[in-house]
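Chain and residue survey
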Amino acid sequence: MVVEEREVMEVDVLFVGGGVASLSSALHLSRLIKEHNKKVEQEGKGESLDEVMIAILEKGAYVGAHSISGAVIDPVSLRELIPDYQERGAPIEGEVKGEEVCFLTETGKIKAPFIPPPLNNHGNYVISLSKLVEWMGELAEEMGIDIFPGFSATEVLYEDGKVVGVRTGDKGIGPDGEKKANYEPGIDLKAKITVFGDGSRGNLTKELIKRFNLDSGRNPQNYVVGVKEVWEVPEGRIEPGYVIHTMGYPHKSETYGGGFIYGMKDNHVSVGLLTGLDYKDPYIDPHMEFQKFKSHPLVAELLKDGKIVQYGAKTVPVGGYFAIPKLSFDGGVIIGDAGGLFISQKIKGVHVAMKSGMLAAETIFNALIKSDFSENMLSSYDRSLLESSVGEELYKSRNFHQTFKKGLWSALIRSGIQYVLGGKIIKSRLESEPDYISLKKVKDYYGTDNPTDEQKRVIKFDGKFTFDKETDVYYSGTTHEEQQPPHLKIADLNICFTKCKEEYQNPCQRFCPANVYEIEVDEDTGEERMKLNFSNCLHCKTCDIKDPYEQINWVPPEGGGGPKYTRM
Ligand code: SF4
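Computed from a predicted structure; not experimentally measured. (Residues numbered from 1 in each chain as written. Predicted model: local features only at pLDDT ≥ 70, side-chain atom pairs only at ≥ 80, totals over all residues. Heavy atoms only, no water.)

1. Describing the site of the ligand
Residues in close proximity to the ligand total 13 residues, the closest being Cys512, Cys537, Cys540, Lys541 and Cys543. When grouped by side-chain class, the residues that make up the shell around the ligand number eleven nonpolar, one polar and one charged. (Near = heavy atom within 4 Å. Nonpolar A, V, L, I, M, F, W, Y, C, P; charged D, E, K, R; others polar.)

Put into structure tokens, the structure is as follows:
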């Protein structure tokens, strides 16, 4: 076998994924190194850390292209990382001064008489994560951090069982795996420490968890998928920073999740729906549920005479404290969403991701000083995270998601008591199971193999308020090089046309918010085939999580492909 020569590039610290956790970490590390060197110079003792090369790999076409969140952020971590963030022009859409929580029935709403404490956002900020990340990317470049957008990390590199970097994906491979004229082999990026910030259900983090058994003794991770649009609405419709959270419609009480409406600057509004991926109904389609949400009078009135500006989707890890894997190993650490660091009770992950990045940076700084990149050294990051303010928040709401297993009403009561008492009633771990297990077979859920559209709660899209997936994908700016192998790897296509069809009626066609999976019938032969519209993929990873046979593996497509978010 001929082993292909690859370019090798060496850096000191490599960040995989250019999201908010990685940028916070890189900025903090760069500052720690500068302060240390200044001190050494002033005091004339100790050794300076000269020319430490910090690099960030980002699979999106630009920094921020794949960053998407609600989002209302608690500014605590932003303030700590960049104390003069306002003077430096941080893109804040509005400070939260008004908010409400509503329970929705199909056509009405019941406004909560008070804001439940975990959802109290007074003084927090509505932001667009893609804008914030783009801004942080500029600050990172000013600090001399090297950012490489348009590069997917496809493999972890190991030497003697230790992580030593990553390989980037080859470019110019045709649909059948042949090298095209523009073929360029990926490069090997080697680092003393590799930081994995590859997001919710990160493909490389998934591999690391398995290889190093990082989830041993922990709960399996659970996720929600958030589907969201940004609209421009007539002037005065909603104040920037105004926040509405909803429960109830369109979700049944057995389904975890809820809606959000956040007022942004320039008469824009962010509207979205979170759907827990531990849902049971095989006919749930999170994109369609979101379209129903927009049809509710509360949302429809707000959007009336407005126009859609952008669309996107992402998953978020909600398993909580007991589902956080070990975050360190020889040669690397995991940060942000990739590590399952999200506080589902507060619907917040941005300040947690930032703080995890900063704490990782402190550990990395000490590792650089001691030239020790072992698991033993790096595990101080796990400890400092759990002892930090965000560790405390995670611990306090440690069983939040698990309390929803018995439905919304039971959960509201149990989680409310838990919050008031700081998690003291259910102290120990409530068990959970992976999301794909909860999906029921069509016959078991509906009592028939042929549920009606009414039973399935299907709606028609009007093209004005409600859109089909293709139309929505257009507003995400998503593109991929068409002439490449599909990046959704289905282990055994036969299962799709046999067991999956009979038992679940191919739920991939519904749970994917971008219409990537389409089952077509060949007109001539009458045979079914899977048409993968991979070019639509929003990189949300829902398919990798929810497929009932666990046979879909999401791998990174050629770098630069995917959504092009600017306001999400
Ligand atoms: Fe999300 Fe998978 Fe669909 Fe891509 S193919 S948009 S990752 S569900």
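2. Considering the packing of helix 9 (residues 380–387) against helix 10 (residues 389–396)
Two numbers describe how helix 9 lies on helix 10: the axes approach to 4 Å, and their chain directions differ by 65 degrees. For the element pair helix 9 / helix 10, the angle class is roughly perpendicular. Contacts between helix 9 and helix 10 involve Leu385, Leu386 and Glu387 from the first element and Ser389, Val390, Gly391 and Glu392 from the second. (Axes fitted to C-alpha atoms, helices over the stretch in contact; angles between N-to-C directions. Helix = DSSP H or I, 4+ residues; strand = E, 2+ residues; numbered from the N terminus. Parallel < 35°, antiparallel > 145°, perpendicular 65-115°, else oblique. Contact = heavy atoms within 4.5 Å.)

3. A look at the packing of aromatic side chains
The final tally for this structure, using the stated rule, is 14 aromatic pairs. Between Phe196 and Phe329, the ring centres sit 6.2 Å apart and the planes meet at 50 degrees, which makes this aromatic pair tilted. Linking Phe196 in strand 13 (residues 188–196) with Phe329 in strand 19 (residues 328–329), this pair joins segments that are 133 residues apart in sequence. The residues Phe196 and Phe329 share a single accessibility class, namely buried. Their ring planes at 90 degrees and their centres at 5.3 Å tell us that Tyr321 and Phe322 sit as a pair that is edge-to-face. The class of Tyr321 is partly exposed, set by a relative accessible area of 22%. By the ring-pair criterion, three or more aromatic residues cluster together here, those being Tyr158, Phe196, Phe212 and Phe329. Against the face of Tyr279 rests Lys546, its NZ or CZ located 4.3 Å from the ring centre. (Phe/Tyr/Trp six-rings, centres within 6.5 Å; stacked < 30°, edge-to-face > 60°. Buried < 20%, exposed > 50% of the residue type's maximum accessible area, 1.4 Å probe, protein only. Lys NZ or Arg CZ within 6 Å of the ring centre and 35° of its normal.)

4. Topic: helix 7 (residues 350–370)
If you check helix 7, its first and last C-alpha atoms are 30 Å apart, about what 21 residues at 1.5 Å a residue would give, namely 30 Å. The element helix 7 is extensively covered by neighbouring structure, given that 17 of its 21 residues are classed as buried. Once helix 7 ends, the next one or two residues include Ser371, with phi positive near 50 degrees. (Expected span 1.5 Å × (residues − 1).)

5. Considerations on the side chain of Gln221
Mapped onto the secondary structure, Gln221 falls in the loop between helix 4 (203–212) and strand 14 (223–232). By relative accessible area, which is 17% here, Gln221 ends up buried. When sequence neighbours within four positions are dropped, the list of residues in contact with Gln221 reads Pro317, Val318, Gly319, Gly320, Ala323, Gly340, Pro434 and Asp435.

6. A word on the sheet that holds strand 4 (residues 92–95)
Within the open sheet, the three strands sit side by side as 3-7-4. Their pairing is antiparallel. Pairing within the sheet leaves two strands with one partner each, and these edge strands are strand 3 (72–73) and strand 4. One ladder, built from two bridges, connects strand 3 with strand 7 (residues 125–127); its direction is antiparallel. When the bridges of strand 7 are listed, Val72 appears paired with Val126. (Pairing = 2+ DSSP bridges.)

7. With respect to a negative patch on the surface
Residues Glu134, Glu138, Glu141 and Asp146 make up a contiguous surface patch of negative charge. Element by element, the count of residues in the negative patch is highest for helix 3 (residues 129–142), at three residues. Mapped onto the elements of the fold, Glu141 is located in helix 3. (Patch = residues over 30% accessible without salt bridge, like charges linked within 9 Å, V, L, I, M, F, W, Y side chains within 5 Å. Areas by Shrake-Rupley, 256 points an atom, 1.4 Å probe, with all protein chains shown as cover. Salt bridge = Lys/Arg side-chain N within 4 Å of Asp/Glu carboxyl O. Lys, Arg positive; Asp, Glu negative; His and termini not counted. Charge placed at Lys NZ, Arg CZ, Asp CG, Glu CD.)

8. As for helix 10
Of all the residues in helix 10, the buried ones are Val390, Gly391, Glu393 and Leu394. Projected down its long axis, helix 10 carries its buried residues within an arc of 160 degrees, all on one side. Packed against the buried residues of helix 10 are helix 7 and helix 9. (Arc of directions from axis to C-beta.)

9. A few points about unusual backbone geometry
With an omega of -5 degrees, the peptide bond between Gly70 and Ala71 qualifies as cis. Topologically, Ala71 is positioned in the loop between strand 2 (54–58) and strand 3. Backbone torsion omega between Tyr249 and Pro250 reads 5 degrees, so that peptide bond is classified as cis. In this structure, Pro250 sits in the loop between strand 15 (243–248) and strand 16 (257–263). The backbone of Ser371 sits at a positive phi, close to 50 degrees, despite the residue not being glycine.

10. A closer look at the sheet that holds strand 17 (residues 268–276)
Spatially, seven strands are ordered 6-5-15-16-17-14-18 in an open sheet, and the strand pairing comes out mixed. A single partner strand is all that each edge strand has here, and the edge strands are strand 6 (109–111) and strand 18 (307–317). Pairs of neighbouring strands in the sheet enclose a mean axial angle of 20 degrees, with direction left out of account. Pairing of strand 15 with strand 16, which is carried by four bridges, proceeds in the antiparallel orientation. Within the sheet, the bridge partner assigned to Ile244 lies in strand 16 and is Ile261.

11. Quick notes on the pattern of salt bridges
Scanning all chains against the criterion turns up 26 salt bridges. Connected through salt bridges with shared partners, the residues Arg201, Lys206 and Asp544 form a single ionic network.

12. Comments concerning the pairing of strand 5 (residues 99–104)
Counting buried residues along strand 5, five of its six residues qualify, which places the element largely inside the surrounding structure. As defined by bridge partners, strand 5 adjoins strand 15 across six bridges and the pair is classed as parallel. The residue of strand 15 that forms the bridge with Leu104 is Gly248. The pairing of strand 5 with strand 6 spans three bridges and is classified as antiparallel. Bridge pairing links Phe103 to Ile110 in strand 6. Count of turn residues in the strand 5/strand 6 antiparallel hairpin: four residues.

13. Details of the environment of Met530
Locating Met530 in the fold gives a position in strand 23 (residues 528–532). When the C-alpha positions of Met530 and Lys307 are compared, they lie 34 Å apart, and in sequence the two are 223 residues distant. With residues up to four places along the chain from it excluded, the contact list for Met530 reads Ile490, Leu493, Cys496, Phe497, Cys508, Tyr517, Glu518 and Ile519.

14. A word on the nonpolar core
Counting 80 residues, the largest nonpolar core has Leu14, Val20, Leu29, Trp135, Met136, Phe196 and Tyr381 as the members making the most contacts within it. Residue contacts for Tyr381: discarding those within four places in its chain leaves Leu327, Val333, Ile334, Ile335, Leu341, Ser356, Leu359, Ala360 and Thr363. Val224, Phe290, Cys496 and Cys543 belong to the second-largest nonpolar core, a separate cluster that totals 72 residues. (Core = buried A, V, L, I, M, F, W, Y, C linked by side-chain atoms within 4.5 Å.)

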